[in-house]
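A structural walkthrough
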Amino acid sequence: RAEDPIVEGTVEEDLGKSTIGSKTDDETVEREEEAIKLDGMNVAQMKQLRESAEKHTYQAEVNRMMKLIINSLYRNKEIFLRELISNASDALDKIRFLSLTDPSVLSATPDLKVMIKPDKENHALHIIDTGIGMTHDDLVKNLGTIAKSGTSEFLAKMEEGDTEVSSDLIGQFGVGFYSAFLVADTVVVTSKNNADEQWVWESDASSFTVAKDPRGDTLGRGTHISLFLKEEAYDFLEEHTIKDLVKKYSQFINFPIHMWTSRTEKVEEAVEPEADPTPKEGETDDDVKVEDEDDEKPKVKMVDKTVYDWEVMNDNKPIWLRSPKEVDDADYVAFYKSFSKDSDEPLAHVHFTAEGEVTFKSILFVPKTA
């Protein structure tokens, strides 16, 4: 039979490269570099992190609780941001309290704030605080176990299946961190406490690892949470979505919440000068020079430029500093729930100003239960 014609360019250049179950060295490096890009580490640092990582399994109650959270609150995913900002605020409160008797605890980072930075390119959302931070043991204990005595009660209430009650209880029982897995496949927590070195905690919800950060001390003090989002959660990278959630859930946080935002500005840009003109017919070089002298001012044009900067999201006056006439009952209830973690509304409240040698404004709440 006739030989098949030889068609140029049909040889697969990547023959022997990636097929399912078969990966070449250069593709492995590419995947590592991609992961490294997400973590902000170079190849050597990532390799060191992976090799030195301590592998841990979750406490049985944690596994049970995470499954309940994900299955019960999947329609109310947005609460993850409320919980992570609330945790950041608690960490800031702790370091501020310590600074009252020992101002040196703030020496590494004097500013107390929360920062939110969306990264659309890598589908990651970062929540950073300059709070007290966590040591190695804190990361293992706080993020891998549940020591709270009311955990069984929380699990029982979650299993009752009331989504609205469950979303309120999650913060009350101190397990709000795990709501991050409502929107993220992988969560990385980098933390630095004054009493320890900087550590990296990483989990995919099935187990977790802890390793010393090969980059050294990059935070100064505080915690950096990186959420690598599921595809259905990419909307949480949009500026308007984050701003709406901060306004909805975190307007009563006592610390500034900064967000990395972009805006378009009109700026002047120099116009490239044209080539030296040549004399037209009937003109001399002197005539051309006279025209150039009249047009010595450099030409510019207005162009759009994208500018990135930190924007404060919660710059409203604290509720207790406002006039009671400016605050409605819904605001009082929302404020009470934000700091008390109580799922019930307060029994009563009083908003007053005390005047004397010391003048202050205050709100007192009476809870429904002791």
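In short, a report on the structure. (Residues numbered from 1 in each chain as written. Predicted model: local features only at pLDDT ≥ 70, side-chain atom pairs only at ≥ 80, totals over all residues. Heavy atoms only, no water.)

Here we come to the overall build of the chain. Counting its regular elements, the chain contains ten helices and eleven strands. Of the roughly 22700 Å² of accessible surface on the chain, 49% is carried by carbon and sulfur atoms. (Helix = DSSP H or I, 4+ residues; strand = E, 2+ residues; numbered from the N terminus. Areas by Shrake-Rupley, 256 points an atom, 1.4 Å probe, with all protein chains shown as cover.)

The next thing to look at is the packing of aromatic side chains. Tallied over the full model, the rule gives eleven aromatic pairs. With a centroid separation of 5.7 Å and 40 degrees between ring planes, the pair formed by Trp 320 and Phe 335 is classed as tilted. Of this pair, Trp 320 sits in the loop between strand 9 (300-312) and helix 10 (329-340) while Phe 335 is found in helix 10, placing the two residues 15 residues apart along the sequence. Among the residues examined, Trp 320 registers a relative accessible area of 24% and is labelled partly exposed. Put simply, the rings of Tyr 58, Phe 177, Tyr 178, Trp 201 and Phe 208 touch in pairs and so form one group of aromatic residues. Above the plane of the ring of Tyr 249 lies Arg 82, whose end atom (NZ or CZ) is 5.4 Å from the centre. Note that Lys 117 overlies the ring of Trp 260, its terminal NZ or CZ placed 5.0 Å from the centroid. (Phe/Tyr/Trp six-rings, centres within 6.5 Å; stacked < 30°, edge-to-face > 60°. Buried < 20%, exposed > 50% of the residue type's maximum accessible area, 1.4 Å probe, protein only. Lys NZ or Arg CZ within 6 Å of the ring centre and 35° of its normal.)

So, about the sheet that holds strand 9. Taken in spatial order, the nine strands of this open sheet run 1-6-5-4-7-3-2-8-9, and their pairing is mixed. Two strands lie at the open edges of the sheet, namely strand 1 (54-57) and strand 9, each paired on one side alone. Ignoring strand direction, the axes of neighbouring strands in this sheet form an average angle of 20 degrees. Summarising the sheet, strand 5 (residues 198-203) and strand 6 (residues 207-212) pair through five bridges and their orientation is antiparallel. Looking across to strand 6, one finds that Trp 199 is bridged to Lys 212. Helix-sheet contacts for helix 2 (residues 43-52) involve strand 1, strand 5 and strand 6, and the interaxial angle to strand 6 is about 120 degrees. Sheet strands in contact with helix 4 (residues 79-99) are strand 2 (114-119), strand 3 (124-129), strand 7 (222-229) and strand 8 (257-270), and its direction is about 25 degrees off that of strand 3. (Pairing = 2+ DSSP bridges. Axes fitted to C-alpha atoms, helices over the stretch in contact; angles between N-to-C directions. Contact = heavy atoms within 4.5 Å.)

Right, let's get into a nonpolar patch on the surface. On the surface, a nonpolar cluster with roughly 350 Å² of combined accessible area is contributed by Phe 97, Leu 98 and Leu 100. With relative accessibility at 66%, the residue Leu 100 sits in the exposed group. (Patch = residues over 30% accessible without salt bridge, like charges linked within 9 Å, V, L, I, M, F, W, Y side chains within 5 Å. Salt bridge = Lys/Arg side-chain N within 4 Å of Asp/Glu carboxyl O.)

Applying the stated criterion across every chain, the model contains ten salt bridges. Put simply, Glu 238 and Lys 120 hold a salt bridge, and the shortest N to O gap is 3.0 Å. One end of the pair, Glu 238, is in the loop between strand 7 and helix 8 (239-249); the other, Lys 120, is in the loop between strand 2 and strand 3, and 118 residues separate them in sequence. Residue Glu 238 is classed as partly exposed on the basis of its relative accessible area of 27%.

Okay, the pairing of strand 3 next. Among the six residues that make up strand 3, six are buried, leaving the element largely enclosed by the rest of the structure. Side chains Ala 124, His 126 and Ile 128 project from strand 3 onto one buried face, and the interleaved Leu 125, Ile 127 and Asp 129 project onto a second face that is buried too. For strand 2 and strand 3, the ladder comprises six bridges, and the chain directions are antiparallel. Among the inter-strand pairings, Ile 116 is bridged to a residue of strand 3, identified as Ile 127. Two successive antiparallel strands, strand 2 and strand 3, enclose a turn made up of four residues, where His 123 displays a positive phi of approximately 55 degrees. Two elements, strand 3 and strand 7, share six bridges in a ladder whose sense is antiparallel. Among the inter-strand pairings, Ile 128 is bridged to a residue of strand 7, identified as His 224.

Turning next to the side chain of Ser 203. Relative to the elements of secondary structure, Ser 203 occurs in strand 5. A polar atom in the side chain of Ser 203 sits 2.6 Å from the side chain of Tyr 58. Among the polar contacts listed, one links the side chain of Ser 203 to the backbone nitrogen of Ala 205, at a separation of 3.0 Å. If we ignore the near neighbours within four places in the chain, the residues touching Ser 203 are Tyr 58, Phe 181, Asp 185, Thr 186, Val 187 and Phe 208. (Polar contact = N/O pair within 3.5 Å; in protein donor to acceptor, adjacent residues only side chain to side chain.)

Before going further, it helps to examine the environment of Lys 247. When you line up the elements, Lys 247 lands in helix 8. Residue classification places Lys 247 among the exposed residues on the basis of a relative accessible area of 64%.

The next subject is the pairing of strand 5. With six of six residues buried, strand 5 lies mostly within the body of the structure. Of the two faces of strand 5, the one holding Gln 198, Val 200 and Glu 202 and the one holding Trp 199, Trp 201 and Ser 203 are both buried throughout. With six bridges joining them, strand 4 (residues 184-192) and strand 5 adopt antiparallel strand pairing. Considered in strand 5, the bridge of Val 188 is made with Glu 202. Connecting strand 4 to the next strand, strand 5, in antiparallel fashion are five residues.

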